[in-house]
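# A closer look at the structure
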Amino acid sequence: MAPPKEGPLLRALLVATDEAHVLRLRDLVARMPVRLEVDWARSFEAGYNRMTSSRYDAHLVGARLGERSGVDLLQAYLEAGGNAPVLLVNPSDDRVLDVAAMESGAAGFIALDRLNPERLERTIRYAVEARRQEVVLRHAREELQESVEERSASLETLNAALAAEVAERRRAEHKLRD
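I will try to describe carefully the structure that is included in this document. What you see is a predicted model; the values in this text were computed from it and never measured.

The next thing to look at is the packing of helix α2 (residues 44-51) against helix α3 (residues 70-79). In the contact formed by α2 and α3, the axes pass within 10 Å of each other and the chain directions differ by 30°. By the angle class used here, α2 and α3 are roughly parallel. As α2 packs across α3, the resulting crossing turns out to be right-handed. Of the residues in α3, those in contact with F44, G47, Y48 and M51 of α2 are D72, L73, A76 and Y77. The residue inventory of the contact of α2 with α3, partitioned by class, reads six nonpolar, one polar and one charged.

The next subject is the packing of α3 against helix α4 (residues 95-104). Axis separation between α3 and α4 bottoms out at 10 Å; the angle between their running directions is 5°. As far as their axial angle goes, α4 and α3 are roughly parallel. In contact with V71, L74, Q75 and L78 of α3, α4 contributes L97, A100, A101 and S104. Of the residues contributing to the contact of α3 with α4, the split by class is six nonpolar, two polar and no charged.

Taken as a whole and assessed by the stated rule, the structure comprises eleven salt bridges. In this structure, E129 and R132 form a salt bridge, with 2.6 Å as the shortest nitrogen-oxygen distance. Taken as a pair, E129 and R132 lie in helix α5 (residues 117-177) at a separation of three residues, close to a single helical turn. For R132, a relative accessible area of 44% corresponds to the partly exposed category. The residue R177 makes a salt bridge to E173 at a minimum N-O spacing of 2.6 Å. Of this pair, R177 and E173 are both found in helix α5, four residues apart, which corresponds to roughly one turn of the helix. Residue classification places R177 among the exposed positions, given a relative accessible area of 62%.

Enumeration over the complete set of coordinates arrives at zero aromatic pairs. Here the guanidinium or amino end of R42 rests over the ring plane of W40, the centre of that ring lying 3.8 Å away. Above the plane of the ring of F44 lies R68, whose end atom (NZ or CZ) is 3.8 Å from the centre.

Conventions adopted
- Residues numbered from 1 in each chain as written.
- Predicted model: local features only at pLDDT ≥ 70, side-chain atom pairs only at ≥ 80, totals over all residues.
- Heavy atoms only, no water.
- Axes fitted to C-alpha atoms, helices over the stretch in contact; angles between N-to-C directions.
- Helix = DSSP H or I, 4+ residues; strand = E, 2+ residues; numbered from the N terminus.
- Parallel < 35°, antiparallel > 145°, perpendicular 65-115°, else oblique.
- Left-handed = near helix turned anticlockwise from the far one by under 90°.
- Contact = heavy atoms within 4.5 Å.
- Nonpolar A, V, L, I, M, F, W, Y, C, P; charged D, E, K, R; others polar.
- Salt bridge = Lys/Arg side-chain N within 4 Å of Asp/Glu carboxyl O.
- Buried < 20%, exposed > 50% of the residue type's maximum accessible area, 1.4 Å probe, protein only.
- Phe/Tyr/Trp six-rings, centres within 6.5 Å; stacked < 30°, edge-to-face > 60°.
- Lys NZ or Arg CZ within 6 Å of the ring centre and 35° of its normal.

So yeah, pure geometry; function would need other evidence.
Encoded structure:
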């Protein structure tokens, strides 16, 4: 009997048109040491609609999606404000595709021919955690920016009040001298 899967449930969307790749990934997921629920979208359009639903912790996107590419879907998703990490999936290593995915904002590149359950789990887990940390960092930066803006506005108000007081004291000093 397999040991129980550990950790919280992760949800991933697999966008792929090649059923053999889907079967391979589902087999790997079944043997992973963590709980991962995988939904399958069978086309670019279905993938885009489900990716933009914000229901998933990560997206695994096939490099070829019929007439379109996984990089095209990645770019459309990010342009729509997508936030979850996207991992591009290809049957084998392809440096040109790997670099194109990276430059387009992919969180990683997965070559199916070099994949095992542990590597797949680690890749997804790292991508999800990196994105979570990016969100935490972005929120902290936004809070800091708000604080700086509030402090700057407060200092401008105090500076204007101080300048008015200095001007008033100078006027009073000139009256006393005259």
